[in-house]
Amino acid sequence: MAIAKDIRIDLPPEGVPKKWYNLVADIGHMEPPLNPGTMKPASPEDFEAIFCKEIIRQEGSTERHINIPEEVRDNLIHLNRPAPLQRAVRLEKYLKTPAKIYFKREDMSPLGSHKGNTALAQAYFNAESGIHTLTTETGAGQWGTALAMVSNLFDIDCTVFMVRGSYEQKPMRKTLMQTYGATVHASPSAQTEFGKKVLKEHPDTTGSLGIAISEACEMAAKDPNICYSLGSVLNHVMLHQSVIGIETIEQMKIGEIDPDCMIACAGGGSNFGGFAFPLLGEKIKGKTDCEFMAVESKAAPSLTVGEFKYDFGDTAGFTPLLMMYTLGQEFIPKGIHAGGLRYHGMAPLVSAAMNKGLITARAYEQLETFEAGVMFARTEGMVPAPESCHAVKAAIDVALECKKTGEAKNIVFCMSGHGMLDLYGYEQYLNGTMRDSSV
Ligand SMILES: *Cc1c(COP(=O)(O)O)cnc(C)c1O
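The text that follows walks through the structure, step by step, so that each part is easy to find. (Residues numbered from 1 in each chain as written. Predicted model: local features only at pLDDT ≥ 70, side-chain atom pairs only at ≥ 80, totals over all residues. Heavy atoms only, no water.)

**Regarding the packing of aromatic side chains**
Reasoning step 1: The full count for this structure, using the stated rule, is 13 aromatic pairs.
Reasoning step 2: Between the aromatic rings of F194 and F318, the centroid separation amounts to 6.3 Å while the plane-to-plane angle is 70 degrees, which identifies the pairing as edge-to-face. With a gap of 124 residues between them, F194 in helix α9 (residues 193–201) and F318 in the loop between β12 (307–312) and β13 (321–326) connect regions that are remote in the sequence.
Reasoning step 3: By relative accessible area, which is 44% here, F318 ends up partly exposed.
Reasoning step 4: One Lys or Arg, K174, reaches over the ring of Y167 and ends 4.9 Å from the middle of that ring. (Phe/Tyr/Trp six-rings, centres within 6.5 Å; stacked < 30°, edge-to-face > 60°. Helix = DSSP H or I, 4+ residues; strand = E, 2+ residues; numbered from the N terminus. Buried < 20%, exposed > 50% of the residue type's maximum accessible area, 1.4 Å probe, protein only. Lys NZ or Arg CZ within 6 Å of the ring centre and 35° of its normal.)

**Remarks on the environment of G144**
Reasoning step 1: Along the chain, G144 turns up in helix α6 (residues 142–153).
Reasoning step 2: It is 30 Å that separates the C-alpha atoms of G144 and I396, two residues lying 252 residues apart in sequence.
Reasoning step 3: Apart from residues no more than four positions distant in its own chain, G144 is found in contact with T138, V160 and M177. (Contact = heavy atoms within 4.5 Å.)

**A few points about the pattern of salt bridges**
Reasoning step 1: Taken as a whole, this structure holds 24 salt bridges when the rule is applied.
Reasoning step 2: As a salt-bridge pair, E380 and R90 come within 3.3 Å of each other at their nearest N and O atoms. Here R90 lies in helix α4 (residues 89–95) and E380 lies in helix α15 (residues 366–380), a separation of 290 residues in the sequence.
Reasoning step 3: When its relative accessible area of 6% is taken as the criterion, E380 is described as buried.
Reasoning step 4: Across the salt bridge formed by E401 and R362, the nearest N and O atoms sit 3.3 Å from each other. In this pair, E401 is assigned in helix α16 (residues 388–405) and R362 in strand β14 (residues 360–364), connecting sequence segments 39 residues apart.
Reasoning step 5: Taking relative accessible area as the criterion, R362 reaches 24% and is therefore assigned partly exposed. (Salt bridge = Lys/Arg side-chain N within 4 Å of Asp/Glu carboxyl O.)

In structure tokens form, the structure reads like this:
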């Protein structure tokens, strides 16, 4: 029997996109970030304490396409790009669904997730502008891991504030970042004024992404040669992640796949944005009626429960105000294994798309997502990251809905990362000690 041409669709190295796609060019009106002091639209100078010029330019850009520097493209190839698009035939069979399920393999990066796509670009532009140290936050550890590794490529030091809950729950992640040469602090830490303040008020806190962002920003703001690097949420991150969706569109053309539903998990929104926005741009132009579904955790359901309003990106209130779906700057999600989904807000671009009715959203409990992850591992072989398990769960649910209606939908989801360093979570699921943690 001939191998079906949609089982695994690869692009050659030259298939790494030459330009990033910027949804800002197509989405229409968006509320601008505000300077919290003046409540006027933030100016580029408002970002200068923490970001380099080129990143600020991209953050405010309305251009549809932005060239990817050669050096960044070359390095993306070393991170295993272009990433394969694969069909989950054995999962389809197991579910007895008429739907076809495809998944984009961001888990094949040596860094374990999609985060390297923007880490590379950010380290490159910061090195170009003479920055010697990057600071950042990390939740589950994937972002810190990505930035720690690529900092070596451009001779930059990297300091990571790691959410305490993850630091304690995932010591291997810390070791991985240290292996790549990063300095890692559990957040809240005694390294910053804000960290000390939080520790005094809540000595037992497990921390949060919002707190860790505040600490990393504080350290960057104090020294002109130190910049801060954010792993999600902001427009320039969505831009860098668009390589995922641009490749996927190419691959769907080759496989003659007309997608009905594109699914990705959403913490800050970057793998969802990167995966969905290039095709969402086509939807805005009326060229596809594909559904785009963001899947969040019930522990931090910003899109499904939060309010669309101006809020700070961090807990201390150092960042400009962003118009987004948010649970509030001080919201601290319960501890879940999907640390990358523990964020109080959602990217302004993803939020705007939601508010305009261009995308849909669902939220799931921890247990049901691990159940889906285990089903995926037993049928397809790879162990999904706890965050990615949310996308897997939604893909399975849509496929089961198809079983009822008899629709043969093409479901395409983003496998944002692998779970080989999250086996402690799987262990808890398997031995029955895992809890749900909805709000
Ligand atoms: C960080 C992370 C996420 C969540 O972040 P987004 O910016 O929403 O993509 C999802 N999956 C994995 C594997 C991650 O590392």
